[in-house]
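# Per-entry structural report
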Amino acid sequence: MNVTLYRAGYAASGVVDVTAGRPSLQKGEKMEDIRFGIIGTGNIASKFAEACALTPGVAAAGISSRREESGQRFARENGVEHVFIGAEALVSSPEIDIVYVATPHTNHFEHCMLALRAGKHVLCEKPMTVSRREAELLFAEAKERNLFLMEGMWTRFLPNSLRALDWIREGRIGKVRFIDGIFSFAVDPKAPKRRLVDPACGGGATFDLGVYMVEMASYYAGADPLRWDGFVTEYCPGTDAAAVIAAEYPDQILATLRMGITCEAPAEMTIIGEKGRIELPRFFVASEVRLYEGETLAEKCVTDCELPKGFCYEIAAVRDYLRAGVTESPVVPQTATIATAEILREMMHRAFPAYY
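The sections below set out a description of the structure shown in this document. Think of each chain on its own: its residues are numbered from 1, step by step along the sequence as written. The predicted origin of the model limits local features to residues at a pLDDT of at least 70 and limits the giving and counting of side-chain atom pairs to 80 or more, whereas totals for whole chains, interfaces and linings rest on all residues. The basis for the side-chain values is all heavy atoms of the structure; hydrogens and waters are excluded.

## Points about the overall build of the protein
- The secondary structure content of the protein amounts to ten helices and 15 strands.
- Radius of gyration: over C-alpha atoms. The globule rule applied is 2.2 Å multiplied by the number of residues raised to the 0.38 power. Against the compact-globule benchmark of 21 Å for 356 residues, the protein has a radius of gyration of 21 Å, which places it among compact chains.
- Oriented by its inertia axes, the alpha-carbon framework of the protein measures out at about 65 × 50 × 40 Å.
- Burial classes: relative accessible area under 20% of the type maximum marks a residue as buried, over 50% as exposed, and values in between as partly exposed (1.4 Å probe, protein chains only). Buried residues in the protein amount to 55% of all 356 residues.
- Of all intrachain contacts in the protein linking residues separated by at least 6 positions in sequence, the fraction that spans at least 24 positions is 67%. Numbering of helices and strands starts at the N terminus; helices are DSSP runs of H or I of at least 4 residues and strands are runs of E of at least 2. By definition in these notes, contact holds between two residues if any of their heavy atoms fall within 4.5 Å.

## Digging into empty space enclosed by the protein
- Site definitions follow a grid-based scheme: protein atoms alone, a 1 Å grid, a 1.4 Å probe that fits but cannot get out for cavities, and for pockets an open set with protein on both sides within 12 Å along at least five of seven lines, plus lining residues having an atom within 4 Å of a point. Grid points are joined across faces, edges and corners, and a volume is the space filled by probe spheres set on the points. Applying the stated criterion across every chain yields a total of one cavity of 30 Å³ or more.
- Lining the largest cavity, in full, are Pro127, Thr129, Glu151, Val211, Glu215, Thr337, Thr340, Ala341 and Leu344.
- Counting only elements with at least two residues in the lining of the largest cavity, the list comes to α8 (205-221) and α10 (334-351).
- Of all the elements, α10 adds the most residues to the lining of the largest cavity, at four residues.
- Side-chain classes are defined by residue name, with Ala, Val, Leu, Ile, Met, Phe, Trp, Tyr, Cys and Pro counting as nonpolar, Asp, Glu, Lys and Arg as charged, and the others, Gly among them, as polar. When its residues are assigned to classes, the lining of the largest cavity shows four nonpolar, three polar and two charged.

## Focus: the nonpolar core
- Nonpolar cores are built from buried Ala, Val, Leu, Ile, Met, Phe, Trp, Tyr and Cys residues. Side-chain atoms within 4.5 Å join them into one set. Phe36, Ile179, Tyr220, Ile278 and Phe283 are the most contacted members of the largest nonpolar core, which has 87 residues in total.
- The element contributing the most residues to this core is α8, with twelve residues.
- Ignoring anything within four residues of it in the chain, the contact list for Ile278 reads Ala164, Trp167, Ile168, Ile173, Met269, Thr270, Ile271, Val289, Arg290 and Leu291.
- Core analysis: the second largest hydrophobic core is formed by 24 residues, Met113, Ala115, Phe139 and Leu149 among them.

Now the structure itself:
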């Protein structure tokens, strides 16, 4: 594959552009792929590009990097056609339909706004922002420009997440009373990844894992929290090592959510009702879901949703949204993103007011 290199303000560099001059879609022809441009060259961006290759009707068409070498390497390793030096070059390209933002948390607002103001749809890694205000500004911008914007809470699209939700709606476990979740891992104490521990990147348990905990608890509760409280322990100034959130949802549903970055623990979520419970081991990939009626295992479903495959469900949904002209996902609505951003920010502000 020929790789086309772009710089902000410049045309392609002397390499043949293999996608130039595409004809417009004629009746009876195959629908054009939805072309994703990726900002960020980290591991999650690579997994996303792999997932695009596995999903019909989409393509990872471009990668943005501050350094040409890393952009070219990402393109070669992930089958991406266009390399853009700088995010501005990518968002202004006619070769891109939608921008996937995969930079550190604290850069999300800047890159999302850049893309929206360039007239591009946006799918942003979670958490979309590190404050309610930033999220509100982004959704307002998208609405004004009639553009699609969604936080990438990919777990909500997984088959077993949907299956668990169906069981709840069907009354298989009766009225939901409790949601219990834990998500914790141990960073390398000698050489932790910067994005996980640096407050400048929005590091720590709350921002990195809390977004999963709150948004998936809300997903199963069917609403955003009515009220909540929480506590954190310190990893370093501005970064939390562990956090716990207690939340109350409508219909008297209570949730206890724990997260951490200094100890290994099973990533589990359990939804407990008056007649049974649903267990989701490694709930964030939802490869397995178990339904208990009373203490009897009534059903168990296993689906391989490890990355990159797990991203395919979200990507396919976004593809269909864009083709249908939908600008807000009913699965990850802006209300969920905004409510969660407010909770996470307030948690960190209480613990580290000098940083948040």
